[in-house]
Structures are given as structure tokens and as C-alpha cells.
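# Observations on the three-dimensional arrangement
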Amino acid sequence: MKKLLRSLYYWLSPRLRLKARQVFYWPLDTKDLLLGKRTPMVPPRGLTFTGAGDFLQEGRKYSEYFQKYGLMPHHHVLDVGCGLGRMAVPLTQYLNQEGGYLGFDIMPQAINWCKKEIESRFPRFRFLPYSGGNDLYNLKAQANRPFPTESQYFDFAILTSVFSHLQPEETAFFLKELHRTLKLGGVVFATFFIFTDEVRPPFNPEFAFPFDYGDYCLMDKRVKGANVAYRKSWLDKAIQNSGFSVAHHLPGFWLKGKSETTFEFQDILILQK
């Protein structure tokens, strides 16, 4: 059933995907609004377009990861593909007056919401639109656009469910842009779908990537930015060529299921400049 619903979802245009979600969740969102149950800085269900689980709880969980792998209260944080600010909200209670945050995303609805609900309350948290491309969310966006950021300014970069929506040339470009924007010693926290040469597609039957292009696999060839899995050997080379080293690899359970040796659904890589 999940595979069928996912296929139907990908069949819709980006605009209709968002509209379908808004219609589906309209009764619950309206009920919350009328009963005064809408929590500040938590988006309505119909506006949310990425990430499963409780919005605040997921944000707090990842904030703990960030702190474990190098984020300090005085750091300047870059959130690539910030969405509706799921990672930003817990950081409003962690970053101090010396620290700062910049998030950007290709979805204008998300940026507008973040400006209204988060930036208005925390001026050190800024949100900008980005014209980079992805055919899952925005057909008008353009690929490989420079990040709207200064060079060698940020200490810590976050990319959750970003590389899993990029084609190889886009991934290589993003890695080079991250290297440009981070200070020496800066850290990247990023999630991926990573497979080795020993594992053959389509991988997990419940989360399959049947379209094999050698260095990467797609879940749906109609939407090339829907879900992208990378061969480890190709990804390692791209990371090295961009000037980063892999400090930590936390395996995900998307491939073989949950175990004592896995962490989150996607693989997590901690990169260092």
C-alpha cells in the first residue's frame, strides 16, 4: 500500500502534491485552529512536505546529534534545505548571542512561514529563498545555483534529506559549495541513502530503488529528485574531491531494517573541512 501511495504521489505535479496534502489535512488543521491547539512555531500538517514523526520531537533529537558532533552555542549554522524550520526551532534555545543561523529552501511557502513564525521571534535566525532545482518540489527551480551565503563564514552545516533528492552532479556541486561556505575545521551533518558494491538494487522491497544507473539508483525514474541512493565508492570520491573527510558514518536502517548498529532511517555522515 505504501508503495502504491508513493507512486501516486510522484505522479502528481509538485504544485498538486502540496495541494493534495493541504486538502487531506484540512479538517485536522481547521480543528486545531478553532480549538486554539496550534503550537507556535509548529507548521500545520497541510503545509508540511518533508520529514516524518513529531515536528518538535524530531527537531530536538537531531539537535542532540548536532551537539554531540561539534555544534557549539556560539557557532554560525547553515541549514541547507531548511524546509519549515524543523532543525531551526530547537536551536533557538541553544545558540547564544554570538551564534547565528541561516536557512534556505526552494519552497517559497516554507520560507514565508519560517520568516513569519521563527525569524520574527528570533532575528538572529534568517531564512532565504533559493532557486536551486528539484523536480519533486519545484519544476521552475534551476540546478547548481550558488548558495546565497558568504564564503568561509559558517562553523556547522545541516543537510537532512537533501542529498537524498539530488542527482550526482548536483551532489558534487553542493559539496563544493559547502566547502566554500564553511570555515577551516567546519563540520557538515548530512543524511544519505548509501549502498556498497556488495548490495544490489532494488534493496529493501518496502523501500526499493529499482532503477540502477551505476553510481546511483532512483526510486522513480519519472521524478529524478524523489529518492536517490548513492554507491559508497562514488560518494567517497566526491567527498574527497570536494576537500572534506568523513569523520563519522552512522548507518541507517532504510536498507536492512532496524538493528543495534543502526541509528536513523537514513545514513548519517559527519564531514569535516
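The sections below set out a description of the structure shown in this document. Keep in mind it's a predicted model, so treat the numbers as computed, not measured.

## Some points on the side chain of T191
- Relative to the assigned elements, T191 resides in strand 5 (residues 182-192).
- What makes T191 buried here is its relative accessible area of 3%.
- Within the local environment of T191, its side chain forms a polar contact with the backbone nitrogen of S161, the two atoms lying 2.7 Å apart.
- Polar side-chain contacts of T191 include one of 2.9 Å to the side chain of Q266.
- Not counting residues up to four positions away in its chain, the partners in contact with T191 are L159, T160, S161, F163, S164, Q266, D267 and I268.

## A look at the packing of aromatic side chains
- By the definition in use, this model includes 30 aromatic pairs.
- Taking 5.2 Å as the distance between ring centres and 15° as the angle between the ring planes, the aromatic pair formed by Y213 and Y216 counts as stacked.
- Residue classification places Y213 among the partly exposed positions, given a relative accessible area of 41%.
- Among the aromatic residues, ring-to-ring pairing joins F193, F195, F203, F207, F209, F253, W254 and F265 into one connected group.

## Let's talk about the sheet that holds strand 1 (residues 76-80)
- Read from one edge of the open sheet, 7 strands run 3-2-1-4-5-11-10, paired in mixed fashion. With one partner strand each, in any of the chains shown, strand 3 (125-129) and strand 10 (245-250) form the two edges of the open sheet. Geometrically, the sheet is characterised by an average inter-axis angle of 15° between neighbouring strands, direction not taken into account.
- Bridge count between strand 10 and strand 11 (residues 267-272): 5 bridges; the pairing is antiparallel. For H248, the partnering residue across the bridge sits in strand 11 and is I270.
- Sheet strands in contact with helix 3 (residues 55-68) are strand 4 (154-159), strand 5, strand 10 and strand 11, and its direction is about 140° off that of strand 5.

Rules behind the numbers
- Residues numbered from 1 in each chain as written.
- Predicted model: local features only at pLDDT ≥ 70, side-chain atom pairs only at ≥ 80, totals over all residues.
- Heavy atoms only, no water.
- Helix = DSSP H or I, 4+ residues; strand = E, 2+ residues; numbered from the N terminus.
- Buried < 20%, exposed > 50% of the residue type's maximum accessible area, 1.4 Å probe, protein only.
- Polar contact = N/O pair within 3.5 Å; in protein donor to acceptor, adjacent residues only side chain to side chain.
- Contact = heavy atoms within 4.5 Å.
- Phe/Tyr/Trp six-rings, centres within 6.5 Å; stacked < 30°, edge-to-face > 60°.
- Pairing = 2+ DSSP bridges.
- Axes fitted to C-alpha atoms, helices over the stretch in contact; angles between N-to-C directions.

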